[in-house]
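Understanding the architecture of this molecule
These are the residues of each chain, in order.
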Amino acid sequence: MAAKGYWIGRVDVHNDEGYKPYAAANLAIFKKFGGRYVVRGGKLTSVEGQSRARNVVIEFPDYEAALACYNSPEYQANIKVRQPHSIADLIVIEGYDGPQPS
(Lines give C-alpha, C1' and ligand atoms only; values in the text may rest on other atoms or scores of the structure.)
Protein backbone atom coordinates (compact mmCIF):
# COMPACT_ATOMS: atom_id res chain seq x y z
CA MET A 1 0.00 0.00 0.00
CA ALA A 2 1.43 3.37 -1.04
CA ALA A 3 1.94 6.20 1.43
CA LYS A 4 -0.74 8.87 1.35
CA GLY A 5 -0.13 12.29 -0.14
CA TYR A 6 -0.74 15.60 1.60
CA TRP A 7 -1.09 19.28 0.96
CA ILE A 8 0.18 21.45 3.77
CA GLY A 9 -1.01 25.02 3.36
CA ARG A 10 -0.39 28.12 5.43
CA VAL A 11 -2.43 31.20 4.49
CA ASP A 12 -2.90 34.81 5.52
CA VAL A 13 -6.17 36.16 4.13
CA HIS A 14 -6.56 39.91 3.78
CA ASN A 15 -10.03 39.88 2.17
CA ASP A 16 -12.40 37.29 3.66
CA GLU A 17 -15.25 37.99 1.22
CA GLY A 18 -12.98 37.63 -1.80
CA TYR A 19 -11.48 34.41 -0.41
CA LYS A 20 -14.82 32.65 0.22
CA PRO A 21 -15.46 31.59 -3.43
CA TYR A 22 -12.01 29.94 -3.54
CA ALA A 23 -12.68 27.93 -0.38
CA ALA A 24 -16.15 26.91 -1.56
CA ALA A 25 -14.90 25.72 -4.97
CA ASN A 26 -12.20 23.58 -3.35
CA LEU A 27 -14.72 21.12 -1.91
CA ALA A 28 -15.64 19.66 -5.33
CA ILE A 29 -12.03 19.82 -6.57
CA PHE A 30 -10.64 17.92 -3.58
CA LYS A 31 -13.45 15.37 -3.71
CA LYS A 32 -12.63 14.60 -7.37
CA PHE A 33 -9.08 13.61 -6.34
CA GLY A 34 -10.03 11.75 -3.14
CA GLY A 35 -8.92 14.57 -0.85
CA ARG A 36 -10.18 15.14 2.67
CA TYR A 37 -9.44 17.78 5.27
CA VAL A 38 -7.31 16.62 8.20
CA VAL A 39 -6.70 20.14 9.51
CA ARG A 40 -8.78 23.14 8.44
CA GLY A 41 -8.14 26.15 10.63
CA GLY A 42 -8.68 25.45 14.30
CA LYS A 43 -6.90 26.62 17.38
CA LEU A 44 -3.15 26.97 17.04
CA THR A 45 -0.17 27.92 19.13
CA SER A 46 2.91 29.02 17.23
CA VAL A 47 5.80 27.60 19.24
CA GLU A 48 8.69 28.17 16.81
CA GLY A 49 9.36 30.20 13.68
CA GLN A 50 6.86 32.19 11.67
CA SER A 51 3.25 31.15 11.27
CA ARG A 52 0.26 32.21 9.21
CA ALA A 53 -3.29 32.72 10.44
CA ARG A 54 -4.86 29.75 8.59
CA ASN A 55 -3.35 26.30 8.37
CA VAL A 56 -4.68 23.40 6.33
CA VAL A 57 -3.67 19.77 5.86
CA ILE A 58 -5.47 17.83 3.12
CA GLU A 59 -4.97 14.08 2.76
CA PHE A 60 -5.08 12.30 -0.61
CA PRO A 61 -4.94 8.57 -1.42
CA ASP A 62 -1.29 8.96 -2.54
CA TYR A 63 1.30 11.53 -3.57
CA GLU A 64 0.37 11.27 -7.25
CA ALA A 65 -3.28 12.16 -6.52
CA ALA A 66 -2.20 15.12 -4.38
CA LEU A 67 0.04 16.43 -7.15
CA ALA A 68 -2.59 15.76 -9.84
CA CYS A 69 -5.12 17.77 -7.85
CA TYR A 70 -2.76 20.73 -7.60
CA ASN A 71 -1.94 20.58 -11.32
CA SER A 72 -5.56 20.07 -12.42
CA PRO A 73 -7.18 22.73 -14.61
CA GLU A 74 -9.86 23.19 -11.94
CA TYR A 75 -7.41 24.01 -9.16
CA GLN A 76 -5.13 26.08 -11.37
CA ALA A 77 -8.16 28.25 -12.26
CA ASN A 78 -9.12 28.47 -8.59
CA ILE A 79 -5.65 29.70 -7.61
CA LYS A 80 -6.40 32.86 -9.60
CA VAL A 81 -9.48 33.40 -7.40
CA ARG A 82 -7.38 33.09 -4.22
CA GLN A 83 -4.29 35.08 -5.10
CA PRO A 84 -5.69 38.64 -4.98
CA HIS A 85 -7.09 38.00 -1.48
CA SER A 86 -4.36 36.11 0.34
CA ILE A 87 -0.73 35.12 0.69
CA ALA A 88 -0.12 31.37 0.83
CA ASP A 89 2.63 28.82 1.30
CA LEU A 90 1.68 25.38 -0.01
CA ILE A 91 3.60 22.15 -0.32
CA VAL A 92 2.60 18.76 -1.72
CA ILE A 93 4.33 16.01 0.24
CA GLU A 94 4.37 12.23 0.44
CA GLY A 95 3.27 10.78 3.77
CA TYR A 96 5.44 8.59 5.94
CA ASP A 97 4.66 4.89 5.99
CA GLY A 98 7.58 3.54 8.02
CA PRO A 99 8.18 2.48 11.63
CA GLN A 100 6.55 4.50 14.40
CA PRO A 101 7.49 5.04 18.04
CA SER A 102 6.04 2.26 20.18
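Keep in mind the model is a prediction, meaning the values are calculated, not measured.

Here we come to the pattern of salt bridges. Counted by the stated rule, this structure contains eight salt bridges. For D16, the salt bridge identified is with R54, shortest N-O distance 2.7 Å. Here R54 lies in strand β3 (residues 54-60) and D16 lies in helix α1 (residues 16-32), a separation of 38 residues in the sequence. Salt-bridge contacts for K32 lead to E74; the nearest nitrogen and oxygen are separated by 2.4 Å.

A separate point is the environment of P21. Relative to the elements of secondary structure, P21 occurs in helix α1. Overall, the relative accessible area of 46% leaves P21 in the partly exposed class. For the pair P21 and G35, spaced 14 residues apart in the sequence, the C-alpha separation amounts to 18 Å.

Calculation notes
Residues numbered from 1 in each chain as written. Predicted model: local features only at pLDDT ≥ 70, side-chain atom pairs only at ≥ 80, totals over all residues. Heavy atoms only, no water. Salt bridge = Lys/Arg side-chain N within 4 Å of Asp/Glu carboxyl O. Helix = DSSP H or I, 4+ residues; strand = E, 2+ residues; numbered from the N terminus. Buried < 20%, exposed > 50% of the residue type's maximum accessible area, 1.4 Å probe, protein only.

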